[in-house]
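Residue-level structure breakdown
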Amino acid sequence: MIDKLHYLTQDIPGTTHQQLVREAIEGGVQWVQLRIKMRTRAECLAIAREVAGLCKPVGITLIINDHVDIAKAIGASGVHLGKEDMDPVEARKILGDHAIIGGTANTLEDIRRLERSGVDYIGLGPYRYTDTKSRLSPLLGLSGIRSLMD
């Protein structure tokens, strides 16, 4: 089942992804997306292994952002793919039918493309400006999201 609330980690100076996940779990989160930017694959894999060690024993759904290979390597619940990441159909072939695959959408065409590719959920955005992405899609705001949902 897709949880209504997803916690996405982020790079915060002085705080590790592991600390963020631990606090989120203590706060009652059931779904974590490990979102690591600007790190090497080896660093991402090491962090993902530690985070999986926090999530799996307590039944938390763990989604890995962008990295299908890391999701497979650690046995994560699934992967979230951005618009420039691997095609969801290819990710499904690698991860299998049991995996949760989500995708990012910013336009109606994005939504239709993701739906045709068989994703399990769609993350619609960005709602507002964020400096956590280097190439931010056009901001949707509440009116843009309402328009797409209509």
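A brief report on the enclosed structure follows. (Residues numbered from 1 in each chain as written. Predicted model: local features only at pLDDT ≥ 70, side-chain atom pairs only at ≥ 80, totals over all residues. Heavy atoms only, no water.)

Comments concerning empty space enclosed by the protein
Within this structure, the stated rule accounts for one cavity of 30 Å³ or more. Taken as a whole, the largest cavity holds about 30 Å³ of empty space. Considering the residues around the largest cavity, the lining is formed by Leu34, Ile36, Cys44, Ala48, Ile64, Asn65, His67 and Ile70. Elements supplying a minimum of two residues to the lining of the largest cavity: α2 (41-55) and β3 (61-65). Looking at the lining of the largest cavity residue by residue, the classes come out as six nonpolar, two polar and no charged. (1 Å grid on protein atoms, 1.4 Å probe; cavity = no way out; pocket = protein on both sides within 12 Å on 5 of 7 lines; lining within 4 Å. Points joined across faces, edges and corners; volume = space filled by probe spheres on them. Helix = DSSP H or I, 4+ residues; strand = E, 2+ residues; numbered from the N terminus. Nonpolar A, V, L, I, M, F, W, Y, C, P; charged D, E, K, R; others polar.)

What to know about the pattern of salt bridges
Per the counting criterion, the structure on display carries seven salt bridges. Taking the shortest distance from any N to any O, the salt bridge between Asp69 and Arg41 comes out at 2.5 Å. Taken together, the residues Asp69 in helix α3 (residues 68-74) and Arg41 in helix α2 connect sequence positions 28 residues apart. Classification of Arg41 by relative accessible area gives partly exposed; the value is 40%. Taken together, the shared-partner salt bridges in this structure form one network comprising Lys83, Asp110 and Arg113. (Salt bridge = Lys/Arg side-chain N within 4 Å of Asp/Glu carboxyl O. Buried < 20%, exposed > 50% of the residue type's maximum accessible area, 1.4 Å probe, protein only.)

Remarks on the sheet that holds strand β4 (residues 78-81)
Strand order in the open sheet formed by six strands is β1-β2-β3-β4-β5-β6, with parallel pairing between adjacent strands. With partners counted over all chains shown, the strands left at the sheet margins are β1 (7-8) and β6 (121-124), one partner each. Sheet analysis places β1 next to strand β2 (residues 31-34), joined by two bridges and oriented parallel. Bridging from a neighbouring strand, Leu8 pairs with Gln33 of β2. Strand contacts of helix α5 (residues 108-117): β5 (100-105) and β6, with the helix running at about 165 degrees to β5, the strand carrying the most contacts. (Pairing = 2+ DSSP bridges. Contact = heavy atoms within 4.5 Å. Axes fitted to C-alpha atoms, helices over the stretch in contact; angles between N-to-C directions.)

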